[in-house]
Amino acid sequence: MGQRSGHQKRSKKLELPLSKTMMTEAGIQSNKEEAKEPKAEEQRLTSVFGVADLKNGLTSSFSVPTEAIGLYNIGQSCCLNSVLQVFLMNTHFTGILRRITVPPSPVQKRKDVPYQMLLLLEAMQCGKQKAVSPTALAFCLSEYRVKLFVQHDASQLFLTLWNLIKRQMKKPELVEELGDLYTICVQEHLACQKCSFETKRNSSMLTLPLPMLDSNSHMLKTLEDCLQYFFLPEELTDHNMCFCEQCGRKTPFLQSMKLVHLPQTLTIHLKRFCFKKSACIHKLSHYLPFPQDLDFSAVLTENQCQADDSEKAAWQYELFAVVAHSGSANCGHYCAYIRSLTECKWYCFNDSEVCQVSWDDVKCTYGHSNLHWGETAYLLIYMKKHPQ
C-alpha cells in the first residue's frame with residue numbers, strides 16, 4: 001500500500017526517530033595440534049563481530065550465501081519482507097545485530113525485535129531452502145502495533161522497525177553505531193524578513209522525504225532535481241507567518257535547510273503518494289531516473305550545505321537497494337532490488353522468489369506515467385563509497 005499521509009507541497013517537517021544464534025559451539029579437539037584451529041577461529045570471529053557472539057553461543061556461519069534467500073509471504077507481508085531484506089543484506093547492519101545481548105528468558109526472546117531479526121538472519125544463512133518464513137518476527141512486531149495481514153507503507157514500516165530495534169538494543173555503543181549508520185543531520189534556519197532575527201537548530205532524520213512535484217505541481221525530472229528542490233529556501237507568508245520575538249508580531253519568514261552530515265547508509269523516500277483535490281490518495285507513477293553513483297557535494301550548492309570539506313569529501317554514494325511498489329495507492333505489491341555487498345551482483349527479492357537481475361532491470365523502476373500499475377521506485381538506499 002502506498003503512503004497514507006502527506007501532500008506533495010514541499011514539507012520541511014523532519015522525520016525524527018520515535019525514540020526503539022543457533023549453531024552449536026565448536027567442540028574442543030583432544031589432539032593439541034587440532035585444538036589450535038578453534039582458537040584461531042575464535043580470534044577471527046572476535047575481530048570481526050566482537051566477543052558477544054561467542055559468549056552468547058551465537059552462530060559462526062555468517063558468510064553471505066552465494067544464492068540469496070527469500071522470505072515467504074505469510075499474508076500481505078510483501079512490504080515487511082522487502083524492508084527486512086534491505087536490512088539483512090546490509091552487512092554493516094548485521095555486524096551490529098550480531099553483537100546484541102541475547103534476552104535471558106523465552107518470553108523476552110519472543111518479544112525482542114533485534115533478537116528475532118537475528119534468528120531470522122541465521123535461518124536464512126544456515127538453511128539450504130530457497131526461502132524461510134518470517135512468522136516469528138511478524139508476531140513479535142504485532143506486540144508493538146505492527147498489524148498482521150494488512151498492507152503497510154514501506155517508508156512508515158522502515159521508520160517503525162528501525163525505532164523498535166534501537167529502543168530494544170541494550171548496549172549503548174550499539175545504539176550509537178546504529179544511529180551513526182542511518183541518521184542524517186540537517187540544520188534548520190528561520191530568518192525574519194522584517195528584521196535581522198534568525199534562529200538555527202540541528203535536527204536528525206532517518207530518511208530524506210523528497211517531493212516529486214514542485215509548488216506548481218510540475219513534475220520534477222530527476223532525483224537530483226528533487227534533492228535541490230527539497231533544500232531550496234521557502235517563504236513563509238500569509239497564514240504561514242511566524243511570530244518574531246524581535247518584532248513582537250507575526251512576520252514573513254524565510255525557512256531553509258542545510259545539510260550537515262550524511263550517514264554510511266542513506267535512505268531516500270520518494271513521495272509518490274499524494275492527495276488529489278477530491279481528498280483521494282493518488283500515486284505518481286511518472287518517470288524519475290536515479291543514478292547508480294551520487295555525489296551530494298556536486299548536487300547541492302554551497303548555501304545548501306553546512307559541513308566542512310572533510311565531511312563533504314565523504315558524500316560520494318553508490319546505490320545499494322531499491323524498494324519498488326507496483327499497483328495503486330490503495331492496493332499494490334512491494335519487492336526489493338538489492339546489490340550484494342559481497343558479490344556486487346543485483347538480485348530481485350520478490351517474497352520467496354529471488355533471482356539475479358541486471359542494472360537494466362533495476363532501471364525499470366524509474367516509472368512511467370502510462371503504466372500506473374507498473375513497478376516504481378519508492379525507497380532508494382545508497383551507501384558511502386569511502387566511509388570515513
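Scroll up a little and you will see the structure.
We now turn to the structure provided with this report. Everything quoted here is computed from the prediction, not taken from an experiment.

As a further point, take helix 7 (residues 135–142). All of the buried residues along helix 7 are L137, A138, C140 and L141. Viewed along the axis of helix 7, the buried residues span an arc of 160 degrees, placing them on a single side of the element. As for helix 7, its buried residues are in contact with helix 3 (78–88), helix 5 (106–110), helix 6 (113–126) and helix 8 (154–168).

Time to look at the sheet that holds strand 3 (residues 184–192). Within the open sheet, the four strands sit side by side as 4-3-9-6. Their pairing is antiparallel. In the strand order of this sheet, the two ends are held by strand 4 (198–205) and strand 6 (234–236), each with one partner. Looking at each pair of strands side by side, their axes are set apart by 30 degrees on average, direction ignored. Two elements, strand 6 and strand 9 (residues 253–261), share three bridges in a ladder whose sense is antiparallel.

Helix length check: helix 6, at 14 residues, gives a terminal C-alpha distance of 20 Å against a target of 20 Å (1.5 Å per residue), a fit within 8%. Counting buried residues along helix 6, 12 of its 14 residues qualify, which places the element largely inside the surrounding structure. When we look at burial in helix 6, the residues that qualify are V113, P114, Y115, Q116, M117, L118, L119, L120, L121, E122, M124 and Q125.

What the largest cavity holds in volume is close to 110 Å³. In the lining of the largest cavity, the residues fall into nine nonpolar, four polar and one charged.

Quick notes on the rules
Residues numbered from 1 in each chain as written. Predicted model: local features only at pLDDT ≥ 70, side-chain atom pairs only at ≥ 80, totals over all residues. Heavy atoms only, no water. Buried < 20%, exposed > 50% of the residue type's maximum accessible area, 1.4 Å probe, protein only. Helix = DSSP H or I, 4+ residues; strand = E, 2+ residues; numbered from the N terminus. Arc of directions from axis to C-beta. Contact = heavy atoms within 4.5 Å. Pairing = 2+ DSSP bridges. Axes fitted to C-alpha atoms, helices over the stretch in contact; angles between N-to-C directions. Expected span 1.5 Å × (residues − 1). 1 Å grid on protein atoms, 1.4 Å probe; cavity = no way out; pocket = protein on both sides within 12 Å on 5 of 7 lines; lining within 4 Å. Points joined across faces, edges and corners; volume = space filled by probe spheres on them. Nonpolar A, V, L, I, M, F, W, Y, C, P; charged D, E, K, R; others polar.

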